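Notes for the structure review
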Amino acid sequence: MSTWSVALRRFPSLSVQTPRLSVRPLCADDDKRVGEIFADRLVRRWLPIAQDDNSEFDGYSWCTELAVERRDSGAGDHYGIVRREDERLVGCLWTKNTDWLNRSTEIAYAVAADARGYGVAPEAVDVLALSLLLEHRFQRIELRVAPGNVASRRVAEKAGFTYEGLMRNAGSLHSGRVDLESWSLVPADIR
């Protein structure tokens with residue numbers, strides 16, 4: 001194998017916890033709650049899902065075959081954010097755009113309406129990013145935020161990510177092409 005090629009890698013299966021939250025792989029039983037989270041109007045506003053698309057989000061597929069496909073291909077994984085006090089699924093995280101040569105990946109997230117404003121997203125992003133950097137030897141974790149998504153910008157800041165700049169015309173939302181803010185966390189950022 002040349003130094004320029006990387007063998008296909010399976011994304012690491014992981015579960016991590018904070019005193020308040022567990023981040024774990026999604027399972028088939030999470031499908032209804034995942035569907036509710038992705039059906040929320042505010043979540044749909046910031047994802048590349050058409051606002052007028054009335055089709056129901058396929059939570060079962062997201063939790064099962066799409067998660068397995070992403071994990072087995074090495075592209076990333078799908079996780080649930082679970083509140084430990086009542087074992088309620090309060091959000092989703094997913095890793096994507098994984099580059100094994102450079103050991104980098106991107107984290108995206110969605111939080112249920114009834115769990116917003118309690119610091120769930122930054123806490124979950126932080127614990128997942130730290131696990132990937134410290135336990136799985138990733139060298140770069142990225143977040144990409146559409147300008148105007150103030151809540152996601154706060155998540156990036158609270159989770160300790162560094163703003164790197166604006167990537168022009170780099171993403172798409174229901175409204176069309178958008179710029180994306182680039183945020184990163186690297187091992188040197190961990191104090």
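Residues numbered from 1 in each chain as written. Predicted model: local features only at pLDDT ≥ 70, side-chain atom pairs only at ≥ 80, totals over all residues. Heavy atoms only, no water.

As annotated in an unreviewed UniProt entry, the chain is N-acetyltransferase domain-containing protein from Dactylosporangium siamense.

**Observations concerning unusual backbone geometry**
The phi dihedral of Glu 87 is positive, around 60°, even though this residue is not glycine. Topologically, Glu 87 is positioned in the loop between strand S3 (77–83) and strand S4 (88–99). The exposure class assigned to Glu 87 is exposed, which follows from its relative accessible area of 57%. For Asn 97, which is not glycine, the phi dihedral falls at a positive 55°. If you trace the backbone, Asn 97 turns up in strand S4. (Helix = DSSP H or I, 4+ residues; strand = E, 2+ residues; numbered from the N terminus. Buried < 20%, exposed > 50% of the residue type's maximum accessible area, 1.4 Å probe, protein only.)

**A closer look at helix H5 (residues 120–134)**
Its 15 residues place the ends of H5 21 Å apart at the C-alpha level, agreeing with the 21 Å of an ideal helix rising 1.5 Å per residue. H5 sits mainly inside the fold: 11 of its 15 residues count as buried. All of the buried residues in H5 are Val 120, Ala 121, Pro 122, Ala 124, Val 125, Val 127, Leu 128, Ala 129, Ser 131, Leu 132 and Leu 133. (Expected span 1.5 Å × (residues − 1).)

**Remarks on the environment of Asp 86**
Mapping Asp 86 onto the fold places it in the loop between S3 and S4. What makes Asp 86 partly exposed here is its relative accessible area of 39%. A distance of 2.8 Å separates a polar atom in the side chain of Asp 86 from a polar atom in the side chain of Arg 83. A distance of 3.1 Å separates a polar atom in the side chain of Asp 86 from the backbone nitrogen of Arg 88. (Polar contact = N/O pair within 3.5 Å; in protein donor to acceptor, adjacent residues only side chain to side chain.)

**Brief notes about the nonpolar core**
If you look at the biggest cluster of nonpolar residues, it comprises 33 residues, and the most contacted ones within it are Leu 93, Ile 107, Tyr 109, Val 125, Ile 141, Leu 143 and Phe 161. At the level of secondary structure, the elements contributing two or more residues to this core comprise strand S2 (21–25), S3, S4, strand S5 (104–111), H5, strand S6 (140–145), helix H6 (150–158) and strand S8 (176–185). Here this core gets 9 residues from one element, more than from any other, and that element is H5. With near-sequence residues (within four places) excluded, Val 125 lies in contact with Leu 93, Ile 107, Tyr 109, Leu 143, Val 155, Ala 159 and Phe 161. If you look at the next biggest cluster of nonpolar residues, it comprises 15 residues, including Val 34, Val 82, Leu 89 and Trp 94. (Core = buried A, V, L, I, M, F, W, Y, C linked by side-chain atoms within 4.5 Å. Contact = heavy atoms within 4.5 Å.)

**A few points about the packing of aromatic side chains**
Counted according to the given criterion, the structure contains 9 aromatic pairs. Taking 5.3 Å as the distance between ring centres and 65° as the angle between the ring planes, the aromatic pair formed by Tyr 163 and Trp 183 counts as edge-to-face. Here the residue Tyr 163 occupies a position in strand S7 (residues 162–173), and Trp 183 occupies one in strand S8, the gap between them amounting to 20 residues. Taking relative accessible area as the criterion, Trp 183 reaches 4% and is therefore assigned buried. One aromatic cluster in this structure is built from Phe 38, Phe 57, Trp 62 and Trp 94. Over the face of the ring belonging to Phe 138 we find Arg 103, whose NZ or CZ atom lies 5.3 Å from the ring centre. Directly above the aromatic system of Tyr 163 lies the positively charged group of Arg 153, at a separation of 5.5 Å from the ring centroid. (Phe/Tyr/Trp six-rings, centres within 6.5 Å; stacked < 30°, edge-to-face > 60°. Lys NZ or Arg CZ within 6 Å of the ring centre and 35° of its normal.)

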